[in-house]
Amino acid sequence: MAKILAIESSCDETSASVCIDGKIFSNIIANQTVHEQYGGVVPELASRAHIQHIVPVVDAAIKKAASLTQSPLSVHDMDAIAFTQAPGLIGSLLVGSQFAKSLSLALNKPLIAVHHMQAHVLANLIADPKPTFPFLCLTVSGGHTQIVVAHSPLKLEVIGETIDDAAGEAFDKSAKMLGLPYPGGPLIDKHAQQGDLKKFKFAEPQIPGLNFSFSGLKTSVLYFLRDEKLKDENFIERNINDLCASVQYTIINILMKKLKKATEQTGIKRVCIAGGVSANKGLRNALLQYGEKHHWKIFIPAFEYCTDNAAMIAITAYYKFLEEDFADLTVTASARAEW
Ligand code: KG4
Ligand code: ZN
């Protein structure tokens, strides 16, 4: 039996999960609302909120797993303690990593350090049906945009990534220009459902290979809105649904064209998505449509496993546990990290 307690604290969600033999029994997530008024995550406030949330969140994760397994499960029953080591906000990562290291030392249990981006990809292994290896994963979040080949749970290869903004940033920055509050991605998604996606045309970059770029789109939206507002000061309010639909359509096109290229280059037709932006309805639909047209087998994680969560850390830790890939107490959190 492998019982693992996992902790995720890389950005502004404090999360804990219990995984038993590769099955998730709890995934408790405390969101931080303190950032809303600032229009973005404030690192110092995030660290402080993690400190407040971490004990109750871990406690709730163990209690939920205990009730589901109908056993008097406690932290002493865990076989390993896992945590997000990198990448992320350093202050946030330090809270989770120090907590996990302290537990590991106090309980004399092995420690497992998990890479957050690897965990986003392996979120696709949480529920059935799971993709078989190798598979492709488009990971789209607030900080990253990557195409990854998963050769095995622990052997992942990044074959494309953004050279500037992440897809989530493209959503959030466009939303800000449209006067929508942070994080604007889900609001663009909502407005887009009532809009005409071909009403306005925005720049699509011509980047060679499998890399992405979103900075041109941002500039294109900025100048377009500036010019239109000179003609009609209520332009945004009058066209919010069509603007959101058109921006979203452009972002999805940029993503899907590269993903299609990746399936052609690798010959892999099992395609997964991961990360917060994979909650986007337009992207999910586009993926299903491409899948049908090009005979891909599509895998989309449940919403709670797309945005930041500890269940994805726990499932990754499970595969590391099987390989006895443990960290020692000298391991440190890192804001940036290569795979
Ligand atoms: O993976 P995630 O929760 O955190 C990071 O690791 O960054 O991703 C957050 C990003 C934000 O940019 C947010 O606006 C975006 O995911 N997002 C969405 C949607 N839901 C979340 N973007 C577009 N449509 C959505 N429905
Ligand atoms: Zn993330």
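Residues numbered from 1 in each chain as written. Chains lettered and ligands numbered in written order. Predicted model: local features only at pLDDT ≥ 70, side-chain atom pairs only at ≥ 80, totals over all residues. Heavy atoms only, no water.

Caption draft 1: Main features of the overall build of the protein. A count of helices and strands for the protein gives nine helices and ten strands. Judged by the C-alpha coordinates and their principal axes, the protein covers about 65 × 45 × 35 Å. Of all 339 residues assigned to the protein, the portion counted as buried reaches 53%. Taking the intrachain contacts of the protein between residues at least 6 apart in sequence as the baseline, contacts between residues at least 24 apart amount to 73%. For the protein, the exposed area adds up to about 15200 Å²; of that, 53% sits on carbon and sulfur atoms. (Helix = DSSP H or I, 4+ residues; strand = E, 2+ residues; numbered from the N terminus. Buried < 20%, exposed > 50% of the residue type's maximum accessible area, 1.4 Å probe, protein only. Contact = heavy atoms within 4.5 Å. Areas by Shrake-Rupley, 256 points an atom, 1.4 Å probe, with all protein chains shown as cover.)

Caption draft 2: A look at helix H7 (residues 235-266). A rise of 1.5 Å per residue sets the reference length of H7, with its 32 residues, at 46 Å; its end C-alpha atoms lie 44 Å apart and thus fit the reference within 8%. Considering bend angle alone, the principal kink of H7 is centred on Asn241 and spans about 60°. Phi turns positive, to about 75°, at Gly267, one or two residues after H7. (Expected span 1.5 Å × (residues − 1). Bend = angle between axes of the 7 residues up to and from the residue.)

Caption draft 3: Examining the domain arrangement of the protein more closely. By domain assignment, the protein separates into domain 1 (3-122 + 307-322) and domain 2 (129-300). Computed over C-alpha atoms, the centres of domain 1 and domain 2 are 28 Å apart. Carbon and sulfur atoms supply 75% of the area that domain 1 and domain 2 bury against each other, a total of about 1200 Å² over both sides. Contact with domain 2 buries surface across domain 1, with Met117, His120 and Val121 losing the most and accounting together for 42% of the total. At the junction of domain 1 with domain 2, the criterion picks out zero salt bridges. There are one residue pair in polar contact (both at pLDDT 80 or more) connecting domain 1 and domain 2. By residue number, the principal contributor to the side of domain 1 that touches domain 2 is helix H3 (residues 116-122), which donates five residues. The residue inventory of the side of domain 1 that touches domain 2, partitioned by class, reads six nonpolar, five polar and two charged. (Domains from an automatic or database assignment. Buried area = accessible area lost by both parts, 1.4 Å probe. Salt bridge = Lys/Arg side-chain N within 4 Å of Asp/Glu carboxyl O. Polar contact = N/O pair within 3.5 Å; in protein donor to acceptor, adjacent residues only side chain to side chain. Nonpolar A, V, L, I, M, F, W, Y, C, P; charged D, E, K, R; others polar.)

Caption draft 4: Structural view of the packing of helix H4 (residues 167-177) against helix H6 (residues 215-231). Their axes nearest at 10 Å, the elements H4 and H6 cross at an angle of 10°. The orientation of H4 with respect to H6, classified from their angle, is roughly parallel. In this structure, H4 uses Ala170, Lys173, Ser174 and Met177 to contact H6, whose residues at the interface are Leu217, Lys218, Val221, Leu222 and Leu225. Residue composition of the contact of H4 with H6, by class: six nonpolar, one polar and two charged. (Axes fitted to C-alpha atoms, helices over the stretch in contact; angles between N-to-C directions. Parallel < 35°, antiparallel > 145°, perpendicular 65-115°, else oblique.)

Caption draft 5: Structural context of the pairing of strand S5 (residues 111-115). S5 sits mainly inside the fold: five of its five residues count as buried. Along S5, one buried face is formed by Leu111, Ala113 and His115 and the opposite face, lined by Ile112 and Val114, is buried too. As defined by bridge partners, strand S4 (residues 80-86) adjoins S5 across five bridges and the pair is classed as parallel. The partner of Ile81 across the bridge, within S5, is Leu111. Since S4 and S5 lie parallel, the crossover through helix H2 (residues 90-107) that links them has a hand, and here it is right-handed. (Pairing = 2+ DSSP bridges. Right-handed = clockwise from strand over helix to strand, strands pointing away.)

Caption draft 6: Region of interest: the site of ligand 1. The environment of ligand 1 is formed by 19 residues, the closest being Gly142, Asp172, Asp189, Gly276 and Asn280. Between an oxygen atom of ligand 1 and a main-chain N or O atom of Gly143, the distance comes to 3.5 Å. A distance of 3.4 Å separates an oxygen atom of ligand 1 from a polar backbone atom of Gly185. A total of 560 Å² of accessible area belongs to ligand 1 in isolation, and the protein chains cover 87% of it. (Near = heavy atom within 4 Å.)

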